[in-house]
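Chain by chain, the residues run as shown.
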Amino acid sequence: MAAPWTATILTLFPEMFPGPLGASLPGHALNSGLWALETVDIRQYACSKHRTVDDAPFGGGNGMVMRPDVLARAIDSTATGGEDETLILLTPRGAPLTQQRVRQFCRQRRLIVVCGRFEGVDERVVQARGLEEISIGDYVLSGGEPAAIVLVDACVRLLEGVVHAPEGLLDESFETGLLEYPHYTRPGTWEGRTVPEVLLSGHHGKVRQWRHDKAEQTTRERRPDLWSRYRATRE
Ligand code: SAH
């Protein structure tokens, strides 16, 4: 069998993995060999006696910066330079991660993901190794590891065989350009609150229409950015 889709995480904290990726859906898939996870401990590629991986920023200022030489050795220990692998740096300065980009990552054979710490990494290694800079949102984490878990989780659930009813993936938020409609389950009345009548009607066409209308309404109200893009692609 060909090697499964693989995530290789470069980190100063390999003990953070698999973490949440070892439980539930991604964990079962990992144990079944539907994907593979590797970690590379960046500190092993430090040369100095104290295994230093960071240094003060040129130009002064707060915090420390990850050294390009150490990081490049860690990357070179694992990257093959093949077209079927993508090298990613997680950083708030990167392009916001989207479901569309996640789908593209799944079609690759391998993702190599660099997790930053401190103030971030030396700019030269980003250029020299052609790292694609990705952000998981407009807020600052203490390190790239939680972001790597988010990125890999989003990819793994789209891999073949991971989700048992993959047709369900198609209605989800962002797949159609809309946020998803709201969900309801038993009990039918809870704390005096009932469920929209149409969902109890057994009329599939009406249910579909109601869900579509709700998806449009929610997107229009909550995400004007997605809404205008959705409108534009339909015109
Ligand atoms: N000084 C940086 C923030 C460093 S946070 C700045 O202002 O842009 C330390 C590390 O956490 C980063 O190198 C990055 O790997 C990770 N990180 C923090 N926030 C992130 C985000 N929103 N998306 C992806 N990675 C993030």
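This text goes with the structure placed above it.
These remarks concern the structure in this document.

Calculation rules
- Residues numbered from 1 in each chain as written.
- Predicted model: local features only at pLDDT ≥ 70, side-chain atom pairs only at ≥ 80, totals over all residues.
- Heavy atoms only, no water.
- Pairing = 2+ DSSP bridges.
- Helix = DSSP H or I, 4+ residues; strand = E, 2+ residues; numbered from the N terminus.
- Right-handed = clockwise from strand over helix to strand, strands pointing away.
- Phe/Tyr/Trp six-rings, centres within 6.5 Å; stacked < 30°, edge-to-face > 60°.
- Buried < 20%, exposed > 50% of the residue type's maximum accessible area, 1.4 Å probe, protein only.
- Near = heavy atom within 4 Å.
- Polar contact = N/O pair within 3.5 Å; in protein donor to acceptor, adjacent residues only side chain to side chain.
- Areas by Shrake-Rupley, 256 points an atom, 1.4 Å probe, with all protein chains shown as cover.
- 1 Å grid on protein atoms, 1.4 Å probe; cavity = no way out; pocket = protein on both sides within 12 Å on 5 of 7 lines; lining within 4 Å.
- Sits in = over half its atoms within 2 Å of the grid points.

1. Some remarks on the pairing of strand β2 (residues 35–41)
Point 1. Direction of pairing for strand β1 (residues 5–11) relative to β2: parallel, over a ladder of seven bridges. Its bridge partner lying in β2, Thr 8 is registered against Glu 38.
Point 2. Traced from β1 through helix α1 (residues 24–31) to β2, the parallel crossover comes out right-handed.

2. Considerations on the packing of aromatic side chains
Point 1. Scanning the model with the defined rule gives two aromatic pairs in all.
Point 2. Ring geometry for Trp 5 and Trp 35: centres 6.4 Å apart, planes at 50 degrees, overall tilted. Of the two residues, Trp 5 is situated in strand β1 and Trp 35 in strand β2; the sequence distance between them amounts to 30 residues.
Point 3. Take Trp 5: its relative accessible area is 6%, and that puts it in the buried class.

3. Re the site of the ligand
Point 1. Looking at the ligand, there are 20 residues lining it, with Leu 90, Gly 116, Glu 119, Tyr 139 and Leu 141 nearest.
Point 2. At a separation of 2.6 Å, an oxygen atom of the ligand approaches a polar backbone atom of Leu 90.
Point 3. In the model, a nitrogen atom of the ligand is placed 3.1 Å from a nitrogen or oxygen of the Ile 136 main chain.
Point 4. Out of a free accessible area of 560 Å², the ligand has 86% covered by protein chains.
Point 5. When atom positions are compared with the pocket grids, the ligand is found to occupy the second largest pocket.
Point 6. Among the secondary structure elements, those contributing two or more residues to the shell around the ligand are β5 (85–96) and β7 (132–135).
Point 7. Considering each element in turn, the shell around the ligand owes the most residues, four residues, to β5.

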